[in-house]
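Chains, contacts and geometry: an overview
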Amino acid sequence: AMATAAPRCFSAAEVRARCAQGDCLVFCHRRLYDLSGFVRLHPGGEQLLRRRAGTDVSAALDGPPHRHSANARRWLEQYYVGEMEPCDEQVPPEGAGAAGPTLCPILGWCVGPTVGASNHCLLPQDLVDWQKPLLWQVGYLGEKYDEWVHQPVDRPIRLFHSDLLESLSKTAWYVVFMVWTPVVLYLSWVSYTSLAQGNTRLFSSFTTEYSIPVHKYYFPFIFLLGMILWSLLEYLIHRFVFHMKPPANNYYLITLHFLLHGQHHKSPFDSSRLVFPPVPASLVISFFYGVLRLLLPEVLGLSVFVGGLCGYVIYDMMHYYLHYGSPKKGTYLYGLKAYHVKHHFEHQRSGFGISTRFWDYPFQTLIPEETFKKDD
């Protein structure tokens, strides 16, 4: 057995001094956590966490306003730095004399002074070797994969052995904007000028007598229709492709799921993998363009397509912001961020809308609002 170092003890004065310098340390009973690196990512907003710096958050974890999930509590354990020195104002009576490890009823493993001082030693033994590329390992997890992939961690993921493939699997958020925005602007101009020639008619392949002319003034509405169709497609892809449950005995489907979306759920704050790389995206986008060309007259199909492409760009930018932004409390984006983080940490089988919750209503996959019994 590997020897574990005793955790470091912190005095209340030391914690207050660190917080005064801008660090964000909190404790849960006697266990101390340094959330300085996480504070901007906090779903409830940075200020909410800053206000709790230097305090016991054990009651806040149970809510209201938000009851933290088992995954959220696992997440917290990654930032463990040591123990608070015994002190009447900080230690609850039941923990005052506890020197050995305790079994956490929520997490189901031992936490306490004997666990060790290293962050990752606090978490249960992982099923993969993080020093090697994960893509070729996950398929062997079998029936354990689904539970493992939905227990998020705050660490970067390497997918491939090849440095070239690894670099192609990563994308900075602004690359999506820089690549696709000029395409949206150019195709919008092409669509509008083509409609302005007055040659586009709907149903002309069926009947010349009753075909409907499509004027250039209709372009904004056709563009908007494309954006709405994208939002539906976004929901359907997220729910039925990204959240398919791969068969436990199928190595290749598990590997594919991890490549498409599983790695994002395992490491939801890996900033290099929050948007879709342009090379594979262009293949998917070309497919949908081909479908629209078959279904609609050329200019009409292009107009719907460019609206959908714009919707995709907005979606990818929003998805990045929901993970890395700090929207102001009470705003639309603040509600969406909280909603999306609940999808990651607690409700992986619902809450599939990202840029809008609209489609979760008719498909009955809305994440339920939390309710709390009034304390006496």
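Now for a quick tour of the structure. Given the structure is predicted, the values throughout are model-derived calculations rather than measurements.

Overview of the pattern of salt bridges
As enumerated under the stated definition, the model contains 13 salt bridges in all. Taking the shortest distance from any N to any O, the salt bridge between Asp163 and Arg158 comes out at 2.7 Å. Among the residues examined, Asp163 registers a relative accessible area of 57% and is labelled exposed. We note a salt bridge from Arg273 to Asp270, for which the minimum N-O separation is 3.6 Å. Neither Arg273 nor Asp270 differs from the other in exposure class; each is buried.

Comments concerning unusual backbone geometry
The phi torsion at His29 lies on the positive side, around 60 degrees, for a residue other than glycine. Positionally, His29 belongs in the loop between β2 (25-28) and β3 (31-34). For His29, a relative accessible area of 37% translates into the label partly exposed. A positive phi angle, close to 55 degrees, is found at Gln364, a residue other than glycine. Here Gln364 is to be found in the segment after α12 (332-345). What makes Gln364 exposed here is its relative accessible area of 73%.

A look at the packing of helix α8 (residues 219-242) against helix α11 (residues 298-324)
For the pair α8 and α11, the least separation of the axes is 7 Å and the interaxial angle reads 55 degrees. Put simply, α8 runs oblique to α11. Our pair here, α8 against α11, has a crossing hand that is right-handed. Side by side, α8 and α11 meet where Phe219, Ile222, Phe223, Gly226, Met227, Leu229, Trp230 and Glu234 of the first sit next to Leu300, Ser303, Val304, Val306, Gly307, Gly308, Cys310, Gly311, Tyr312, Ile314 and Tyr315 of the second. Here the contact of α8 with α11 is built from residues that sort into 13 nonpolar, 5 polar and 1 charged.

Structural notes on the pairing of β2
Of the two faces of β2, the one lined by Leu25 and Phe27 and the one lined by Val26 and Cys28 are each fully buried. As defined by bridge partners, β2 adjoins β3 across 4 bridges and the pair is classed as antiparallel. Paired with Phe27 across the two strands is Leu32, which belongs to β3. Connecting β2 to the next strand, β3, in antiparallel fashion are 2 residues, including His29 with a positive phi near 60 degrees.

Looking at helix α9 (residues 251-266)
For α9, built from 16 residues, the straight-helix expectation of 22 Å at 1.5 Å per residue is missed by more than 12%, its first-to-last C-alpha distance being only 18 Å. Of all the bends in α9, the largest measures some 60 degrees and sits at Leu259. Contact partners of the buried residues in α9: α5 (145-149), α8, α11 and α12. The N-cap residue of α9 is Asn250: its side-chain oxygen and the backbone nitrogen of Tyr252 are 3.2 Å apart.

Rules and cut-offs
- Residues numbered from 1 in each chain as written.
- Predicted model: local features only at pLDDT ≥ 70, side-chain atom pairs only at ≥ 80, totals over all residues.
- Heavy atoms only, no water.
- Salt bridge = Lys/Arg side-chain N within 4 Å of Asp/Glu carboxyl O.
- Buried < 20%, exposed > 50% of the residue type's maximum accessible area, 1.4 Å probe, protein only.
- Helix = DSSP H or I, 4+ residues; strand = E, 2+ residues; numbered from the N terminus.
- Axes fitted to C-alpha atoms, helices over the stretch in contact; angles between N-to-C directions.
- Parallel < 35°, antiparallel > 145°, perpendicular 65-115°, else oblique.
- Left-handed = near helix turned anticlockwise from the far one by under 90°.
- Contact = heavy atoms within 4.5 Å.
- Nonpolar A, V, L, I, M, F, W, Y, C, P; charged D, E, K, R; others polar.
- Pairing = 2+ DSSP bridges.
- Expected span 1.5 Å × (residues − 1).
- Bend = angle between axes of the 7 residues up to and from the residue.
- Polar contact = N/O pair within 3.5 Å; in protein donor to acceptor, adjacent residues only side chain to side chain.

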